[in-house]
Amino acid sequence: MIAGFEVPTAGSIVLDGTDITYRPPNRRNVGMVFQSYALFPNMTVADNVGFGLRVRKRPADQIRKRVLELLDLVHLGDKVSRYPYQLSGGQQQRVALARALAFEPQVLLLDEPLSALDAKIRVVLRHEIRAIQRQLGITTVYVTHDQEEALSLSDRVVVMSEGRIEQVGTPFEVYNFPTTSFVASFVGTLNVLAAAVVDPLGGRLSVGGQEIRISRPIEARAGDQISLALRPEMVSLGSGPDGANVLHGSVADVSFLGSIVRIRIRVAEGTVVTLDVFNEPTLVLPQQEQSITISFPAEGPLVLASAVAAPMDVDALEASL
């Protein structure tokens, strides 16, 4: 809709104070980077990057200068005369990015631009895209299903489900303070624990028959069933410092993931808590079915909304942005 390929069923699209809702795509100053590169196979790298400028009837010397500037920016200055089939996937996506930036768009749109690339190339290009965006100062809308991309690239994240906005906030806010169960479970690895309210004002709860507490009063009644969100990094092996919540259980599974080791602890029937510990040579891993104690601070668990939040309206989104 921002690019002009779809017409919104309601509301309007305003760019820098100008309503562009019904303006055709070729009359919007918007750059687009597609998931599948969408380069012209019969054109060289330089011709692909300069295509938008030629359409806009820019002088040839101005086009040449701009193309070289952008290819240097994306580290492809030595690939001017190559064709797309002579480039790797990462290089082709750099060309697509340079092409989108060539005519100095007001908004840059990226539609899952790294999903077709392997993991290492994705990380490199992710850093480059962020560096270029900061250097040029272009407002960028980046669509991705990769949580790490969303959290590392953005100043503000919009989490959507079934066409509805679930939450808008900074990466820190969305990760640490999810407002709905969907956001909490979608962003990052998460433990969702079923708990019974023991003392709402005192923040006391029961998880699988073991009592814990949280640092805030609970908006529920004694005996109510609620869901708690608990990030793996908040959980530690052992009983922890004084005042920490303690749960007893048995080791369900141990997964070696390189820099971290992920341990799953069964604390009750149907209730498993996942925790991460940093890998180091002297680390002693627990054995499966071993009895074990885990702990976490009272500030760690977050009470989740019992239902998905209502869709945010356009005015609320504009106010949040």
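This text gives an overview of the structure that appears in the document. (Residues numbered from 1 in each chain as written. Predicted model: local features only at pLDDT ≥ 70, side-chain atom pairs only at ≥ 80, totals over all residues. Heavy atoms only, no water.)

### Here's the deal with the overall build of the chain
Per the secondary structure count, the chain includes 8 helices and 17 strands. The C-alpha atoms of the chain give 25 Å as radius of gyration, which overshoots the globular expectation for 321 residues (20 Å, by more than 25%). The dimensions of the chain, computed from C-alpha atoms along their principal axes, are 75 × 50 × 25 Å. The proportion of buried residues among the 321 residues of the chain is 41%. The long-range fraction of contacts in the chain, counting pairs at least 24 apart against all pairs at least 6 apart in sequence, stands at 61%. Total accessible area computed for the chain in this model is approximately 17,600 Å², and 53% of it derives from carbon and sulfur atoms. Across the chain, the centroid of the 29 positively charged side chains sits 9 Å from that of the 35 negatively charged ones. (Helix = DSSP H or I, 4+ residues; strand = E, 2+ residues; numbered from the N terminus. Rg over C-alpha atoms; globule rule 2.2 N^0.38 Å. Buried < 20%, exposed > 50% of the residue type's maximum accessible area, 1.4 Å probe, protein only. Contact = heavy atoms within 4.5 Å. Areas by Shrake-Rupley, 256 points an atom, 1.4 Å probe, with all protein chains shown as cover. Lys, Arg positive; Asp, Glu negative; His and termini not counted. Charge placed at Lys NZ, Arg CZ, Asp CG, Glu CD.)

### As for the side chain of Arg-99
With respect to the secondary-structure elements, Arg-99 resides in helix H3 (residues 89-101). Nearest to the buried, unbridged Arg-99 among oppositely charged side chains is Asp-47, at 12 Å. For Arg-99, the residues in contact, after removing those within four places along its chain, are Tyr-37, Ala-38, Leu-39, Phe-40, Asn-48 and Val-49. (Salt bridge = Lys/Arg side-chain N within 4 Å of Asp/Glu carboxyl O.)

### A short note on the packing of H3 against helix H4 (residues 119-136)
Taken N-terminus to C-terminus, the directions of H3 and H4 make an angle of 15°; their axes are 11 Å apart at the nearest point. Here H4 runs roughly parallel to H3, going by the angle between their axes. Read as a crossing pair, H3 and H4 show a hand that is right-handed. Each of Gly-90, Gln-93, Arg-94, Leu-97 and Leu-101 in H3 lies in contact with H4, whose residues at this interface are Ile-121, Val-124, Leu-125, Glu-128, Ile-129, Ile-132 and Leu-136. Grouping the constituent residues of the contact of H3 with H4 by class yields 8 nonpolar, 2 polar and 2 charged. (Axes fitted to C-alpha atoms, helices over the stretch in contact; angles between N-to-C directions. Parallel < 35°, antiparallel > 145°, perpendicular 65-115°, else oblique. Left-handed = near helix turned anticlockwise from the far one by under 90°. Nonpolar A, V, L, I, M, F, W, Y, C, P; charged D, E, K, R; others polar.)

### Side note on the packing of helix H1 (residues 45-55) against helix H2 (residues 60-73)
Between two packed helices, what matters for the description is the angle formed by their axes and the separation of those axes. Across the interface, H1 lies against H2 with an axial gap of 9 Å and an inter-helix angle of 125°. Between H1 and H2, the interaxial angle falls into the category oblique. For the crossing formed where H1 meets H2, the hand is right-handed. Residues Val-45, Ala-46, Val-49, Gly-50, Leu-53 and Arg-54 of H1 touch H2, and the partners they reach there are Ile-63, Arg-66, Val-67, Leu-70 and Leu-71. Here the contact of H1 with H2 is composed, by residue class, of 8 nonpolar, 1 polar and 2 charged.

### Topic: a nonpolar patch on the surface
Where nonpolar side chains cluster on the molecular surface, the patch consists of Ile-2, Val-141 and Val-143 and spans about 200 Å² of accessible area. Mapped onto the elements of the fold, Val-143 is located in strand S5 (residues 139-143). Assessed through its relative accessible area of 42%, Val-143 is described here as partly exposed. (Patch = residues over 30% accessible without salt bridge, like charges linked within 9 Å, V, L, I, M, F, W, Y side chains within 5 Å.)

### Side note on the pairing of strand S9 (residues 204-207)
Relative to S9, strand S8 (residues 191-199) runs antiparallel, the two being bridged by 3 bridges. Paired with Ala-196 across the strands is Ser-206, a residue of S9. Between S8 and the antiparallel strand that follows it, S9, lie 4 residues; Gly-203 among them carries a positive phi value of about 70°. Across 4 bridges, the pairing between S9 and strand S10 (residues 210-213) is antiparallel. For Arg-204, the partnering residue across the bridge sits in S10 and is Arg-213. In textbook terms, the turn of a hairpin is the stretch between consecutive antiparallel strands, and for S9 and S10 this stretch comprises 2 residues, one of which, Gly-208, has a positive phi near 55°. (Pairing = 2+ DSSP bridges.)

### Some thoughts on H2
In an α-helix, one turn spans 3.6 residues, which is why side chains three or four residues apart end up on the same side. Compared with the 20 Å implied by 1.5 Å per residue over 14 residues, the 20 Å span of H2 between its first and last C-alpha is a close match. All of the buried residues in H2 are Ile-63, Arg-66, Val-67, Leu-70, Leu-71 and Leu-73. Around the axis of H2, the buried residues are gathered within 150° of arc, so they sit on the same side. In H2, those exposed residues whose orientation departs by more than 90 degrees from the buried face are Asp-61, Arg-64, Lys-65 and Asp-72. Among the structural elements, H1, H3 and H4 are those in contact with the buried residues of H2. One or two residues past the end of H2 sits His-75, with phi positive at roughly 60°. (Expected span 1.5 Å × (residues − 1). Arc of directions from axis to C-beta.)

### Some words on the sheet that holds strand S3 (residues 30-33)
What holds strands together in a sheet is hydrogen bonding between their backbones, with the strands either parallel or antiparallel. Here 3 strands make up an open sheet; going across it, the order is S3-S4-S5 and the pairing parallel. Each end of this open sheet is capped by a strand with a single partner; those strands are S3 and S5. Neighbouring strand axes in the sheet, compared pairwise and without regard to direction, differ in orientation by 15° on average. Inspection of the sheet shows S3 paired to strand S4 (residues 107-111) by 4 bridges, in the parallel sense. In the strand pairing of S4, Val-30 is matched with Val-107.

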